[in-house]
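Below are the chains, spelled out letter by letter.
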Amino acid sequence: MDQGTQYLLVAPHVALFPGLVLALAVLGFHLLGDAVRDTLDPGMRNADDRRAMLTWKWKTFAELTPDELYLALELRQQVFVVEQRSIYLDADGYDRSAYHLLGMEDQPEAPWLAAYLRVLPPKTKYPQASLGRVVVAPEARRHGHGRVLVQKGIDFIEARYPRVPIRIGAQNHLRAFYEDFGFRVMGDVYDEDGIPHVDMVR
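Reading the values: the criteria
- Residues numbered from 1 in each chain as written.
- Predicted model: local features only at pLDDT ≥ 70, side-chain atom pairs only at ≥ 80, totals over all residues.
- Heavy atoms only, no water.
- Helix = DSSP H or I, 4+ residues; strand = E, 2+ residues; numbered from the N terminus.
- Contact = heavy atoms within 4.5 Å.
- Areas by Shrake-Rupley, 256 points an atom, 1.4 Å probe, with all protein chains shown as cover.
- pLDDT = per-residue confidence, 0-100.
- Salt bridge = Lys/Arg side-chain N within 4 Å of Asp/Glu carboxyl O.
- Buried < 20%, exposed > 50% of the residue type's maximum accessible area, 1.4 Å probe, protein only.
- Expected span 1.5 Å × (residues − 1).
- Bend = angle between axes of the 7 residues up to and from the residue.
- Phe/Tyr/Trp six-rings, centres within 6.5 Å; stacked < 30°, edge-to-face > 60°.

1. Describing the overall build of the protein
Reasoning step 1: The helix and strand inventory of the protein stands at six helices and seven strands.
Reasoning step 2: In sequence order, the secondary structure elements of the protein are arranged as α-α-α-β-α-β-β-β-α-β-α-β-β.
Reasoning step 3: Intrachain contacts of the protein at a sequence separation of at least 6 include 60% that bridge at least 24 residues.
Reasoning step 4: Within the structure as shown, the protein displays about 12,500 Å² of accessible surface, and the carbon and sulfur contribution to it stands at 59%.

Here's what the structure looks like:
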């Protein structure tokens, strides 16, 4: 052991050179992997940057274009029906009365809806104003869009309906998420379309 230590002190390149080669090899494989990924799947290139830059727009039902309406219904069904395996009628008759918030990726040639919610005026579904159909596309999660989405919904309601409470029917596992925005539980947990829900008011 002592002889080996003395040898390394005299010839440190013997230990440093293999380590340097290994580090360069790992870096090379990493860069090569990124290049192959971008070649095979151009849509993944700079995906994080694109999805961090959303255009937010509010629209009434009448103002929605056919493409926007399709994207909204597609995203809602992708998450609430297919991903969550809940068989229910998503088009529930309230969309015509709602204000719709669309968080769109800035890709004019191929619009992509990353986040969505709808606001129902007071005395539409509940005596209070309501947030609903709050959804972020699976590919756009973990970028903070959900919090931006909910805060924009709250700000919209507070500006349009001052001093009116906001009520939501939240999935129970998201209770803590909504509590961060000032919502408080009212009533017991109940089943809705096979998923535990709880009513909350802010």
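2. Some remarks on the confidence of the model for the protein
Reasoning step 1: When pLDDT is averaged along the protein, the result is 82, and 74% of the positions lie at 70 or above.
Reasoning step 2: Confidence drops under a pLDDT of 50 for residues 20–51, and excluding neighbours within four residues, the segment shows 13 contacts in the predicted structure.

3. Here's the deal with the pattern of salt bridges
Reasoning step 1: By the definition in use, this model includes 12 salt bridges.
Reasoning step 2: Among the salt bridges present, the one from Arg133 reaches Asp92, with a minimum N-O distance of 3.2 Å. On the criterion of sequence distance, the pair formed by Arg133 in strand β4 (residues 129–136) and Asp92 in the loop between α4 (66–83) and β2 (99–105) is long-range, its members being 41 residues apart.
Reasoning step 3: What makes Arg133 buried here is its relative accessible area of 15%.
Reasoning step 4: Residue Asp95 pairs with Arg118 through a salt bridge whose shortest N-O separation is 2.9 Å.

4. Quick look at the environment of Val148
Reasoning step 1: Take Val148: it is sitting in helix α5 (residues 145–160).
Reasoning step 2: Residue Val148 is classed as partly exposed on the basis of its relative accessible area of 36%.

5. Here's the deal with α4
Reasoning step 1: Between the first and last C-alpha of α4 there are 24 Å, a value that for 18 residues agrees with the 26 Å anticipated at 1.5 Å per step.
Reasoning step 2: At Gln77, α4 is bent by approximately 30°, the largest bend along its length.
Reasoning step 3: Listing the buried residues of α4 in full gives Glu68, Leu71, Ala72, Leu75, Arg76, Val79, Phe80 and Val81.
Reasoning step 4: Its buried side turned inward, α4 meets β1 (54–60), β2, β3 (112–120), β4 and β5 (166–171).
Reasoning step 5: Positive backbone phi, approximately 55°, marks Arg85, located one or two places after α4.

6. Digging into the packing of aromatic side chains
Reasoning step 1: With the rule as written, the count across this model stands at five aromatic pairs.
Reasoning step 2: Ring plane angle 55° and centroid distance 5.1 Å describe the contact between Tyr99 and Phe156, whose orientation is recorded as tilted. Taken together, the residues span a long stretch of sequence, with Tyr99 in strand β2 and Phe156 in helix α5 at a distance of 57 residues. A single burial state applies to Tyr99 and to Phe156, both of which are buried.
Reasoning step 3: Residues Phe177 and Tyr178 carry aromatic rings whose centres are separated by 5.1 Å and whose planes lie at 80° to one another, so their mutual orientation is edge-to-face.
Reasoning step 4: For Tyr178, a relative accessible area of 7% translates into the label buried.
Reasoning step 5: Ring-pair connections join several aromatic residues into one group, and the members of that group are Phe177, Tyr178, Phe181 and Phe183.

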